[in-house]
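# Architecture and fold: a report
In case you want the letters, here they are:
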Amino acid sequence: SDLFGISTGTLGCDQHGRITGGTGKVLAFLEKNLEQFAVDAARGHGETIDTVAVLMGVSSDKAGETIKENFAFIFDSHDVSAVTVTLKVSELLA
């Protein structure tokens, strides 16, 4: 079930812990666009949110609202990695 995947941090990963599927596409995108994503995440809208929403299969409005509400959780340090951001966003939008 998804609940197990979320609680154990395995959602969007294969059995070796590698990021897979839509989550992998989000990671590839955020590795190149993390700074702009942080700006858009703080506002709750923007091109990077739209792209992540499409990759995750959710509406831009839902993604923007959820990401903005959880900004402090997603960006919990000034040098947060794209991997960390991707896993947190995937968990929130699953």
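Residues numbered from 1 in each chain as written. Predicted model: local features only at pLDDT ≥ 70, side-chain atom pairs only at ≥ 80, totals over all residues. Heavy atoms only, no water.

## Observations regarding a negative patch on the surface
- Together, Glu47, Asp50, Asp61, Glu65 and Glu69 make up a region of like negative charge exposed at the surface.
- Going through the elements one at a time, α3 (47–56) and α4 (60–69) are the ones with two or more residues in the negative patch.
- Counting residues per element, the negative patch draws most heavily on α4, which supplies three residues.
- Mapped onto the secondary structure, Glu69 falls in helix α4. (Patch = residues over 30% accessible without salt bridge, like charges linked within 9 Å, V, L, I, M, F, W, Y side chains within 5 Å. Areas by Shrake-Rupley, 256 points an atom, 1.4 Å probe, with all protein chains shown as cover. Salt bridge = Lys/Arg side-chain N within 4 Å of Asp/Glu carboxyl O. Lys, Arg positive; Asp, Glu negative; His and termini not counted. Charge placed at Lys NZ, Arg CZ, Asp CG, Glu CD. Helix = DSSP H or I, 4+ residues; strand = E, 2+ residues; numbered from the N terminus.)

## A look at the packing of aromatic side chains
- Enumeration according to the criterion identifies two aromatic pairs in this entry.
- One aromatic cluster in this structure is built from Phe37, Phe71 and Phe75.
- A cation over an aromatic ring shows up here: Lys88 above the ring of Phe73, its NZ or CZ 4.8 Å from the ring centre. (Phe/Tyr/Trp six-rings, centres within 6.5 Å; stacked < 30°, edge-to-face > 60°. Lys NZ or Arg CZ within 6 Å of the ring centre and 35° of its normal.)

## Overview of the confidence of the model for the protein chain
- Chain-level pLDDT for the protein chain is 84 on average; 78% of the residues reach the 70-or-more range.
- Within the model, pLDDT remains below 50 along residues 1–11, and this stretch shows eight contacts once partners closer than five positions in the same chain are excluded. (pLDDT = per-residue confidence, 0-100. Contact = heavy atoms within 4.5 Å.)

## With respect to the environment of Ile74
- As for its position among the elements, Ile74 is in helix α5 (residues 71–74).
- Given the relative accessible area of 0%, Ile74 is considered buried.
- Not counting chain neighbours up to four residues away, the residues in contact with Ile74 comprise Ile67, Val80, Val85, Lys88, Val89 and Leu92. (Buried < 20%, exposed > 50% of the residue type's maximum accessible area, 1.4 Å probe, protein only.)

## Notes on the environment of Lys32
- The topology assignment puts Lys32 in helix α2 (residues 21–43).
- Spatially, the C-alpha atoms of Lys32 and Ala82 are 8.8 Å apart, while their sequence positions differ by 50 residues.

## Remarks on the pattern of salt bridges
- Scanning all chains against the criterion turns up two salt bridges.
- Of the charged contacts, one joins Arg43 and Asp40 as a salt bridge, the two residues approaching to 2.5 Å between their closest N and O atoms. Residue Arg43 and its partner Asp40 are located together in helix α2, separated by three residues, close to a single helical turn.
- The closest approach of N and O atoms between Asp76 and Lys88, which form a salt bridge, is 2.9 Å. Here Lys88 lies in helix α6 (residues 82–93) and Asp76 lies in the loop between α5 and α6, a separation of twelve residues in the sequence.
- Overall, the relative accessible area of 52% leaves Asp76 in the exposed class.
- Residue classification places Lys88 among the buried residues on the basis of a relative accessible area of 13%.

## Some points on the side chain of Thr66
- Considering the arrangement of structural elements, one finds Thr66 in helix α4.
- Take Thr66: its relative accessible area is 15%, and that puts it in the buried class.
- Separated by 2.8 Å, the side chain of Thr66 and the backbone oxygen of Lys62 make a polar contact. (Polar contact = N/O pair within 3.5 Å; in protein donor to acceptor, adjacent residues only side chain to side chain.)

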